[in-house]
Amino acid sequence: MTADLSRLLNALGLVAVDTVLVLAFADQLWFRDLPCPICILQRAGFIAAGFGIALNLIFGPRPSHYGLAILGAVVGGIMSADQVLHYIVPGSGSYGNAIFGLHLYSWALIMFVAIVVGCGVMLLFDRQYEPSGPTPLRQVTLPILAVAPACSCLRSAMCCRRSPSAAWDFAPRRLAAISSFTRIWG
Amino acid sequence: MMSLPFLLFACGLAAGWTSRREAAMGFWVAGVLVLLVLFRFHATDVLNLGL
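Keep in mind it's a predicted model, so treat the numbers as computed, not measured.

Caption draft 1: Broad picture of the overall build of chain A. A tally of helices and strands in chain A yields 6 helices and 2 strands. Burial status across chain A gives 40% buried among its 186 residues. The contacts of chain A with a sequence gap of at least 6 include a subset with a gap of at least 24, amounting to 78%.

Caption draft 2: Looking closely at the overall build of chain B. A tally of helices and strands in chain B yields 2 helices and 0 strands. Burial analysis of chain B (51 residues in total) assigns 35% to the buried set.

Caption draft 3: The confidence of the model for chain A, seen in detail. All names here are of chain A. Per-residue confidence for chain A gives a mean pLDDT of 77, with 70% of residues at or over 70. The lowest-confidence element of chain A is helix H6 (residues 164–185), averaging 45 in pLDDT; the highest-confidence one is helix H4 (residues 104–122), averaging 93. For residues 161–175, every residue scores under 50 in pLDDT, and the model assigns this stretch 12 contacts once sequence neighbours within four places are set aside. For the stretch residues 177–186, pLDDT sits under 50, and the model shows 2 contacts to residues farther than four places along the chain or on other chains.

Caption draft 4: View of the confidence of the model for chain B. Within chain B, residue pLDDT values average 86, and 88% of them lie at 70 or more. Per the prediction output, this complex has pTM 0.78; the corresponding ipTM is 0.88.

Caption draft 5: Quick peek at unusual backbone geometry. All names here are of chain B. One non-glycine residue, Ser19, lies in positive phi territory at about 65 degrees. Among the secondary structure elements, Ser19 is positioned in the loop between helix H1 (4–17) and helix H2 (21–42). The exposure class of Ser19 is exposed, given the 11 C-beta atoms found within 10 Å.

Caption draft 6: Fine view of the packing of H1(B) against H2(B). Residues and elements named next belong to chain B. Interhelical geometry of H1 versus H2 gives an angle of 170 degrees and a closest axis separation of 8 Å. With respect to each other, H1 and H2 are oriented roughly antiparallel. On H2, the residues touching Leu4, Pro5, Leu8, Phe9, Cys11, Gly12, Ala15 and Gly16 of H1 are Arg21, Ala23, Ala24, Phe27, Trp28, Ala30, Gly31, Val34, Leu35 and Leu38. Counted by class, the contact of H1 with H2 contains 14 nonpolar, 3 polar and 1 charged residues.

Caption draft 7: Main features of the environment of B:Ala15. Residue and element names in this part refer to chain B. Counting through the fold element by element, Ala15 comes out in helix H1. Residue class for Ala15 comes out partly exposed when judged on the 18 C-beta atoms lying within 10 Å of it. The sequence separation of Ala15 and Thr44 amounts to 29 residues, and the corresponding C-alpha distance is 34 Å. Residues within four places of Ala15 in sequence aside, it is in contact with Arg20, Ala23, Ala24 and Phe27.

Parameters at a glance
Residues numbered from 1 in each chain as written. Chains lettered and ligands numbered in written order. Predicted model: local features only at pLDDT ≥ 70, side-chain atom pairs only at ≥ 80, totals over all residues. Helix = DSSP H or I, 4+ residues; strand = E, 2+ residues; numbered from the N terminus. Buried ≥ 20, exposed ≤ 12 C-beta atoms within 10 Å, placed from the backbone. Contact = placed C-beta atoms within 7 Å. pLDDT = per-residue confidence, 0-100. Axes fitted to C-alpha atoms, helices over the stretch in contact; angles between N-to-C directions. Parallel < 35°, antiparallel > 145°, perpendicular 65-115°, else oblique. Nonpolar A, V, L, I, M, F, W, Y, C, P; charged D, E, K, R; others polar.

Right, dumping it as structure tokens:
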């Protein structure tokens, strides 16, 4: 695998991670499916995993960057596995809407495992680490990356809470205010 | 507080974009540590479940 092909695959992986975050944000806004604190942390786990992939695009593929992506995915996977285990007993309830039969935390666990497996497969190809010229993908990396933290900061600001009792009262009002703003703006 | 890991990762991405790789990785480590601490405190939060 050449360095260029590796960068292309990393770019596709980064787009996939960002797509997950944007779809989760869209689900939150349109279906008013407010994320729980652990859900927000899982999304931060996606950014931690995508961080390593992004460094591959900026500085070129390196094993240490894949290591960051794998560790970020493991941290996020621990959180999503914890949440899946909360509801694994039938009749113990669930949190949020199901999408294609699975809840978001289940999809998150699948995605984190896919990131770990994908990075493990990418690490097998040594030719990608050979030095090469500057990558044109670097020019498009920042706009792609900017989507995730921007959406996530907005999301956590909408759902940020000071006390457990105030959280579920106040967050929908903030959500409604932002929805009104987007309707006026749009 | 929940925004802190996102902000740290955003700072790390900015450092990476300005070719400061070590700083970027430092921000990543700080972000993951904050993430784990937040998980420690929020792992047992009461959720609004649909039973």
